Amino acid sequence: MRTYRIAPFLLTALLVACSGKNVSYNLTIEAKDETELQRILAVTTRMVERRIEAIEYREGTQDTMEDITINRRGERIQLTLRFTTPVIAPILTEDLIEPFTMEFMEECPVEEADFVVAETQGYKKIPLSAEDVSWLLTEEETGTAGAVTMQFTTEGAQKKAELFEPRMGKNIGIFIRGLPVYRLRVEPNDVEEPFILIKVPDPELGTVFADDVNTGLHVSFSTK
């Protein structure tokens, strides 16, 4: 199935501030159809609300967001936030425009590594990345207890199988925004199935993780 951008032209991103308390972002979203678009907008809204809560916690404040809305005018999709204080918006903007990256790396000797964890665990990249992942499903959506299901595109699933099969029994690290978030030991199911299971300690954390990654996979924020 062909995937296309909701807007045929790259949306010109706009940041509008009024007294530092109101901020609006144009969104560039990749979706197959209106149903998927609405699904992406829902997870994006939840992700932004959680980011704001995290910033409030760091800044020692709370309940600063008065309103969050998504407006559609033709092909333009705009996320607008209204705060009670000018403190939150610039921090949130820096957070949201950070490029999303997802990389899969195999464990290797430190001297061969592209990335070293805790000065002792080396990892080097394999040719599998965010473009090969389609969506993350939560435990609530799949009924698979204690796990988030990472789904791959058709091409991505084939690539995963080809890359994982010769690495059976070895460790693969998943890195998001340059940080290690998960390590899995390759098992037969990881090769055979068009998905992998990411174990999480509780369903709430799994939902937070899935919303963050799904937004990163499908939505771009920008200020210019």
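This text follows the structure it describes.
Counting restarts for each chain, with residues numbered from 1 along the sequence as it is written. It should be noted that, the model being predicted, local features are given only for residues of pLDDT at least 70 and side-chain atom pairs only at 80 or more, the latter also being counted only at that level, while totals for whole chains, interfaces and linings use all residues. Just so you know, side-chain values use all the structure's heavy atoms and leave hydrogens and water out.

### Examining helix α6 (residues 203-218)
Secondary structure elements follow DSSP: runs of H or I no shorter than four residues count as helices, runs of E no shorter than two count as strands, and numbering proceeds from the N terminus. The span expected for a helix works out to 1.5 Å for each residue beyond the first. The end-to-end C-alpha separation of α6 is 22 Å, in line with the 22 Å expected for 16 residues at 1.5 Å each. Think of it in three bands: with a 1.4 Å probe and only protein chains considered, a residue is buried below 20% of the maximum accessible area for its type, exposed above 50%, and partly exposed in between. Inspection of α6 places Gly206, Phe209, Ala210, Asp211, Asp212, Val213, Asn214, Thr215, Gly216, Leu217 and His218 among the buried residues, and these make up the whole buried set. Definition of a polar contact: a pair of N or O atoms within 3.5 Å, with one able to donate and the other able to accept a hydrogen when the atoms are protein atoms, and with sequence-neighbouring residues admitted only if both atoms are side-chain atoms. Two to three positions downstream of the cap, the backbone nitrogen of glutamate 204 sits 3.1 Å from a side-chain oxygen, assigning the N-cap of α6 to aspartate 202.

### With respect to the pattern of salt bridges
Salt bridge, as applied in this entry: a Lys or Arg side-chain nitrogen positioned within 4 Å of an Asp or Glu carboxyl oxygen. Applying the stated criterion to the full structure yields 15 salt bridges. Across the pair glutamate 141 and arginine 39 runs a salt bridge whose closest N-O atoms are separated by 3.8 Å. Taken together, the positions of glutamate 141 in helix α3 (residues 139-142) and arginine 39 in helix α1 (residues 34-59) put the pair 102 residues apart, joining distant regions of the chain. Classification of glutamate 141 as partly exposed rests on a relative accessible area of 46%.

### Describing the nonpolar core
By size, the foremost hydrophobic cluster in this structure holds 29 residues, and its most contacted members are Met102, Phe104, Leu136, Met150, Phe164 and Ile174. Residue contacts are defined here by distance: any two heavy atoms, one from each residue, within 4.5 Å place the two residues in contact. Sequence-distant contacts of isoleucine 174, defined by excluding residues within four places in its chain, comprise Met102, Glu103, Phe104, Met150, Leu179, Pro180, Val181, Tyr182, Leu184, Ile196 and Ile198. For our purposes a nonpolar core is just a set of buried Ala, Val, Leu, Ile, Met, Phe, Trp, Tyr and Cys residues, chained together by side-chain atoms within 4.5 Å. Residues Ala31, Ile52, Ile68 and Leu81 belong to the second largest nonpolar core, which totals 26 residues.

### A short note on the layout of surface pockets
Detection works on a 1 Å grid of protein atoms alone, calling trapped sets that fit a 1.4 Å probe cavities and calling open sets with protein on both sides within 12 Å along at least five of seven lines pockets, with lining residues defined by an atom within 4 Å of a point. Grid points are joined across faces, edges and corners, and a volume is the space filled by probe spheres set on the points. One number sums up the size of the largest pocket: a volume of about 850 Å³. The wall of the largest pocket is formed by 34 residues, among which Glu30, Val133, Ser134, Leu217 and His218 lie closest to the centre. For the lining of the largest pocket, the secondary-structure elements that each account for two or more residues are β3 (22-31), α1, α2 (88-96), β9 (133-137), α4 (154-164), α6 and β14 (219-221). Tallied by class, residues from the lining of the largest pocket come to 12 nonpolar, 10 polar and 12 charged. In this structure, the second largest pocket encloses a volume near 250 Å³. Just so you know the grouping, Ala, Val, Leu, Ile, Met, Phe, Trp, Tyr, Cys and Pro go in nonpolar, Asp, Glu, Lys and Arg go in charged, and all remaining residues, Gly too, go in polar.

### A short note on the packing of α1 against α2
In this description, a line fitted to the C-alpha atoms serves as the axis of each element, helices being fitted only across the stretch in contact, and the angle between N-to-C directions of two axes falls anywhere from 0 to 180 degrees. Interaxial distance between α1 and α2 falls to 10 Å at its minimum, and their mutual angle equals 125°. The angle between the axes of α1 and α2 places the two elements in the oblique class. For the crossing formed where α1 meets α2, the hand is right-handed. For the pair α1 and α2, contact is made by Met47, Val48, Arg51, Ile52, Ile55, Glu56, Arg58 and Glu59 and by Ile88, Ile91, Leu92, Asp95 and Leu96, respectively. Looking at the contact of α1 with α2, its residues break down into eight nonpolar, no polar and five charged. An angle below 35 degrees is read as roughly parallel, one above 145 as roughly antiparallel, one from 65 to 115 as roughly perpendicular, and any other as oblique. Crossing handedness is defined as follows: a turn of the near helix away from the far one that is anticlockwise and smaller than a right angle gives a left-handed crossing, while the clockwise case is right-handed.

### Some remarks on the environment of lysine 124
Within the secondary structure layout, lysine 124 lies in strand β8 (residues 121-129). With 11 residues separating them along the chain, lysine 124 and tryptophan 135 place their C-alpha atoms 24 Å apart. Contacts of lysine 124, omitting those with residues within four sequence positions, involve Phe104, Met105, Glu106, Cys108, Glu112 and Asp114.

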